[in-house]
Amino acid sequence: MSSKRLLAAFSVFGLSVSSLALSAPLAAQSAANQESSVPASTSEPTAPPVAEKRDYSYSHHGITISDPYNWLRDASYPTIDDEDILDHVKAENAWFEAQMKPHQPLVDTLFEEMKARIKEDDSTVPQKDGDWLYWSEFEEGAEYRKYYRKPVAGGDTQLILDENALADGVEYFRLGSFSVSKSGRYLAFSTDTDGSERFTARIKDLETGELLPDEIPGTLSGLTWVMGDRGLVYGLATKEWRVDNARLHVIGQPVESDVEIYHEEDEGFRVGTGLTAQEDWLVIATGDNETSEVRLVSAADPTGEQILVKPRKKGVEYDVDVRGDTVWVHTNDEHVNFRLATAPLDNPGEWTTLIAGSDEFYLTGFDLFKDFFVTEGRLEGLDQIQLRSYVEPALVKPIAFMEPSFSAGLSDNPEYDTDRLRLSYTSMVTPNSVYDYVVDTAELELLKQQEIPSGYDPDLYVTERLTIRARDGAMVPVSVVRRKDRPAEPGPLHLYAYGAYGYAIPPGFSTTRLSLVDRGYAYAIAHIRGGDDLGRNWYLGGKLNERTNTFTDFVDVAKGLVAEGYTAPGKISISGGSAGGELMGVVANTDPDLWGAVVAHVPFVDVLSTMLDEELPLTPGEWPEWGNPILSKQAFAYILSYSPYDQVTAQDYPPMLVTAGLNDPRVTYWEPAKWVAKLREVKTGDSELLLKTNMGAGHGGKSGRFESIREMAEEVAFILWQNGGAE
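Within each chain, residue numbers correspond to sequence positions counted from 1 in written order. Local features in this predicted model are restricted to residues of pLDDT 70 or higher, and side-chain atom pairs are both shown and tallied only at a pLDDT of 80 or more, whereas totals for entire chains, interfaces and linings draw on every residue. Side-chain measures here rest on the full set of heavy atoms in the structure, leaving out hydrogens and waters.

**Thoughts on the overall build of the protein chain**
Selection rule: We count a stretch as a helix when DSSP gives it H or I for four or more residues in a row; a strand needs E for two or more, and each element gets its number in order from the N terminus. With the radius of gyration taken over C-alpha atoms, the globule rule is written as 2.2 Å times the number of residues to the power 0.38. Burial classification: accessible surface area is computed with a 1.4 Å probe over protein chains only, and a residue below 20% of its type maximum counts as buried, one above 50% as exposed, and the rest as partly exposed. Just so you know, the count uses Lys and Arg for positive and Asp and Glu for negative, and it drops His and the chain ends. Here the site of a charge means atom NZ of a Lys, CZ of an Arg, CG of an Asp or CD of a Glu.
The secondary structure content of the protein chain amounts to 13 helices and 38 strands. At 25 Å, the protein chain has a C-alpha radius of gyration in line with the 27 Å of a compact globule built from 727 residues. A principal-axis box enclosing the C-alpha atoms of the protein chain has dimensions of 70 × 55 × 55 Å. Burial status across the protein chain gives 61% buried among its 727 residues. Looking at charge distribution, the protein chain has the averaged site of its 65 positive side-chain charges lying 2 Å from that of its 115 negative ones.

**Some words on the side chain of D532**
Where we set the bar: Should any heavy atoms of two residues lie within 4.5 Å, those residues are counted as being in contact.
Along the chain, D532 falls in the loop between β34 (522-526) and α6 (536-540). Residues in contact with D532, not counting those within four places in the same chain, are Y362, R378, G502, Y503, A504, W538 and Y539.

**Considerations on the nonpolar core**
Soluble globular proteins: nonpolar side chains tend toward being buried together. Definition in use: Buried Ala, Val, Leu, Ile, Met, Phe, Trp, Tyr and Cys residues form a nonpolar core when they are joined through side-chain atoms within 4.5 Å.
Counting residues in each nonpolar core, the largest one holds 93 residues, and the members touching the most others are L495, F554, L561, I574, W595 and W675. Filtering out sequence-adjacent residues up to four positions away, W675 remains in contact with G585, A600, P603, V605, P644, Y645, V648, M656 and V658. Counting 22 residues, the second-largest nonpolar core is a separate cluster that includes Y521, L657, I709 and A717.

**Section: unusual backbone geometry**
Even without glycine at this site, Y501 takes up a positive phi of about 60 degrees. With respect to the helices, strands and loops of the structure, Y501 is situated in the loop between β33 (493-496) and α5 (514-517). At L544, a residue that is not glycine, the phi angle is positive and equals roughly 50 degrees.

**Here's the deal with the sheet that holds strand β27 (residues 407-410)**
Applied cut-off: Criterion used throughout: strands pair if DSSP finds at least two bridges between them. Axes here mean lines fitted to C-alpha atoms, for a helix over just the part in contact, with angles spanning 0 to 180 degrees between N-to-C directions.
Sheet architecture is open: four strands sit in the order β27-β28-β29-β30, paired in antiparallel fashion. Only two strands of the sheet have a single neighbouring strand rather than two, namely β27 and β30 (443-449). Taken over all neighbouring pairs, the strand axes of this sheet differ in orientation by 25 degrees on average, direction set aside.

**Looking at the packing of helix α3 (residues 104-116) against helix α13 (residues 705-723)**
The following threshold applies: For this classification, under 35 degrees means roughly parallel, over 145 means roughly antiparallel, 65 to 115 means roughly perpendicular, and everything else is oblique. In this scheme, a crossing is called left-handed if the near helix is turned counterclockwise away from the far one by less than a right angle; it is called right-handed if the turn is clockwise. Lys, Arg, Asp and Glu make up the charged group, whereas Ala, Val, Leu, Ile, Met, Phe, Trp, Tyr, Cys and Pro make up the nonpolar group; the residues left over, Gly among them, are polar.
Remark: α3 packs on α13, axes separated minimally by 8 Å, with the N-to-C direction vectors making an angle of 130 degrees. Classed by the angle they form, the pair α3 and α13 counts as oblique. Read as a crossing pair, α3 and α13 show a hand that is right-handed. Within the contact between the two elements, α3 uses Q104, L106, V107, D108, L110, F111, M114 and K115 and α13 uses F706, I709, R710, M712, A713, E714, V716, A717 and L720. Across the contact of α3 with α13, the residue classes tally to 12 nonpolar, one polar and four charged.

**Section: the sheet that holds β33**
Picture the strands of a sheet paired through backbone hydrogen bonds; they go either parallel or antiparallel. If you walk across this open sheet you meet the eight strands as β31-β32-β34-β33-β35-β36-β37-β38, and the pairing is mixed. In the strand order of this sheet, the two ends are held by β31 (461-469) and β38 (689-694), each with one partner. Along the sheet, successive strands turn relative to each other by an average axial angle of 15 degrees, direction set aside. Where strand β32 (residues 475-483) meets β34, four bridges bridge the pair, whose relative direction is antiparallel. Residue pairing for β34: V478 is matched across the bridge by A526. Sitting on the sheet, helix α8 (residues 579-590) is in contact with β35 (572-577), β36 (595-601) and β37 (656-661), with an inclination near 140 degrees to β35. Strands in contact with helix α12 (residues 670-682) are β36, β37 and β38; relative to β38, the strand with the most contacts, it is inclined by about 160 degrees.

**Observations regarding the packing of aromatic side chains**
Worth spelling out the cut-off: To pair, rings of Phe, Tyr and Trp, with the six-membered ring standing in for Trp, must have centres within 6.5 Å; the planes then decide the type, stacked if under 30 degrees apart, edge-to-face if over 60, and tilted in the middle.
On inspection of all chains with the given rule, the structure shows 25 aromatic pairs. Centroid distance Y456 to F509: 5.2 Å. Interplanar angle 70 degrees. Geometry classified as edge-to-face. Taken together, the residues span a long stretch of sequence, with Y456 in the loop between β30 and β31 and F509 in the loop between β33 and α5 at a distance of 53 residues. Each member of the pair, Y456 as well as F509, carries the same accessibility label: buried. Members of the aromatic cluster, each reached through a chain of ring pairs, are W328, F366, F373 and Y390.

**Points about the side chain of N628**
Selection criterion: Identification of polar contacts relies on pairs of N or O atoms within 3.5 Å, with a donor-acceptor requirement for protein atoms, meaning one able to donate a hydrogen and the other able to accept it, and with residues adjacent in sequence counted only if both atoms are side-chain atoms.
By the element assignment, N628 lies in the loop between α10 (619-626) and α11 (633-642). Using a relative accessible area of 15% as the deciding quantity, one classes N628 as buried. Polar contacts involving the side chain of N628 include one to the main-chain amide nitrogen of I630, which spans 2.9 Å. Every residue in contact with N628, bar those within four places of it in the chain, is listed here: W623 and A635.

**Quick notes on the confidence of the model for the protein chain**
Spelled out, the test is: What pLDDT expresses is the predictor's confidence in each residue, scored from 0 to 100.
For the protein chain, per-residue confidence averages 91 on the pLDDT scale, and residues scoring 70 or more make up 93% of the total. The low-confidence segment residues 1-41 (pLDDT under 50) makes 147 contacts with residues lying over four places distant or belonging to another chain.

**Quick notes on the environment of A142**
For A142, the location among the structural elements is in the loop between β4 (132-137) and β5 (146-151). Not counting chain neighbours up to four residues away, the residues in contact with A142 comprise N164, R705 and F706.

**A short note on the packing of helix α7 (residues 548-563) against α8**
It is at 10 Å that the axes of α7 and α8 come closest, and there the two elements cross at 65 degrees. Between α7 and α8, the interaxial angle falls into the category roughly perpendicular. Once α7 is placed against α8, the crossing between them reads as right-handed. Counted together, T550, F551, F554 and V555 of α7 and E582, L583, M584, V586, V587 and T590 of α8 form the full contact between these two elements. Of the residues in the contact of α7 with α8, the class split is seven nonpolar, two polar and one charged.

**Some details on the pattern of salt bridges**
Just so we agree on the cut-off: A pairing counts as a salt bridge when a side-chain nitrogen of Lys or Arg comes within 4 Å of a carboxyl oxygen of Asp or Glu.
Applying the stated criterion across every chain, the model contains 43 salt bridges. A salt bridge links D84 to R54, with the nearest nitrogen and oxygen atoms 3.0 Å apart. Of the two residues, D84 is situated in helix α2 (residues 83-100) and R54 in the loop between α1 (30-36) and β1 (57-60); the sequence distance between them amounts to 30 residues. Given a relative accessible area of 26%, R54 falls into the partly exposed group. Note that E415 and K128 form a salt bridge whose closest N and O atoms lie 2.8 Å from each other. Of the two residues, E415 sits in the loop between β27 and β28 (420-426) while K128 sits in strand β3 (residues 127-129), which places them 287 residues apart along the sequence.

**Observations regarding the pairing of strand β13 (residues 245-250)**
Of all six residues making up β13, five are buried, and the element is well covered by its neighbours. Bridge analysis of strand β12 (residues 231-234) against β13 gives four bridges, and the strand direction is antiparallel. Paired with G231 across the bridge in β13 is V250. Here β13 runs beside strand β14 (residues 259-263); their pairing, made up of four bridges, is antiparallel. Residue L248 lies in a different strand from β14, and its bridge partner there is V259.

**Quick word on the environment of E139**
In this structure, E139 sits in the loop between β4 and β5. Separated by 25 residues in sequence, E139 and N164 place their C-alpha atoms 10.0 Å apart. In contact with E139, other than residues within four places in its own chain, are E120, D121, K146, Y148 and R705. Engagement of the side chain of E139 in a polar contact is seen with the side chain of K146, the distance being 2.9 Å.

**A few points about the environment of S57**
Relative to the helices and strands, S57 is located in strand β1. Spatially, the C-alpha atoms of S57 and P68 are 7.5 Å apart, while their sequence positions differ by 11 residues. Apart from the residues lying within four places of it in its own chain, the contact partners of S57 are T64, I65, S66 and D67.

Right, here's the structure in full:
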């Protein structure tokens, strides 16, 4: 789909924190957060904190669950001001600091080597959009980017946005939407300064350099220019952190007069907007994790009559674009791996197949350009980019890539009328690369490859694509990178996975990963069910009543890597975040002896309680992914059977590092807090158990490129400390 189209997928607990997906926002008091960043006591603790147990239980379907750590959820949430809770969180942070203190020299060493692999004064490749070339830069030593442009015809460079200035004086900063109007005069952008993911949108006049007085607080959406750049379409977050609306703001008018152009009644659906490839239609899309519905309205008159493409039908997903008087539809209505269809604009619900669904090829999306269109997908789990002619759409012109495991796709292509495509490419040994593909000659022009100032020789490394049989016979792909001179005997190995929401973890390049690989580790990504690496059925095979396939796939991949001679039980470190953190919790319960160290980032581990709480903003939209234990006794029992918090048992656990964000709106802070409290109570043995809560951040940890690297250095130091390897 076009870079100016709607790209939303409506999953919410969503993406892994190591990537770029997704229970409620925190209207956190900044003074409380600042105070909370100080340890409860200035003396160094000598023992881990022990959370008080308080009687609490709940019952559903005749089953009663005791939850003595329920008190760690602040009763006044989303405000967090309970001193008992804040004291406990601060005590856990103090214990983390005390235990990591002897390893601070290693953290510092790792931080410096990771930092040395970053080109500090880096910039993106300029891209043409209309009369301007746009790019962004990091200055040496800066945490955040600056955004620039200059006229295509020649002229002075213009600084259009400085994240560093916006982040000055705040503990956390994140740029949300960034949208330049079609004329190039206005920039709409949104910012979050506490990690709660409630953004404030502003408009900058790029001709004068001034911020307009227009200010829209509480957004949680893209910002889409309409009405010849006089209007901006956005979505407000409700108090439950749901976007159930699309609103129109006219520049210069009071925000209070903004018009709601669409409202969604289903509390499980989310709303997003974007433009079609020719930018003449506004797309209003709504949906949850398995069903979608799209409306079109003229971008020139967004309050005008809307065209419903096709009424929602449970289990049917579709997204659209428009070219001339034809609607293009990407849908799973006839084949699980999606088909591409067309329909006349005056009868948009009559879909005629253009490219049929395929058992072999998983069609993930499409983009329309003036003289050709592009389909993207995966074949045997590997990315495919295919050029096609409007005259002969069945004639495929693939762009070939030669490595056994890689990640490739369309990058930023803002112009409809173009004769070249901007692509991104990477593998586990090839640094991130930017190409232009010349359509007429089929040539790939390398524009930039990620530079590693401290040095990097790809010939020292090898990437492999393995297939490991799971216990039910499914063949699970695994991407591995290691040094060629790694000893042949079983050694330490790090295994990563996500496995939810149909999100495929790309086998891409990482400079921070080298700190493990250069110390003798093999690094593996398990492409387990729950992601859609091998097609939509691969995703469906790891959700709802098939959810446990995700966990057993991960364990079986680990055992398969042992059988292949890469590693040995107890020499495997593992990590995952969000839904991937749930995975960490499950496999720590089921197969603790396999793991030498476990890192669980913002882990979704209190699954049953969260899915039972329909007042939490994300819960209703998540029932299609996990099941609704309120209505279904079967779903209740199934979720209970694997929910990591509920399945903690008296056994020796591997060493564990757990992270949380006090302001996290996706996985609330109390999930990891309760989990760690219960583990401290129940587990046997003396393995390390650490919880670090970022007091001024959210789902993705600390902001800023160097602060995030320091957290990665802490993670790698913990792994080396607990799982071995050269320090």
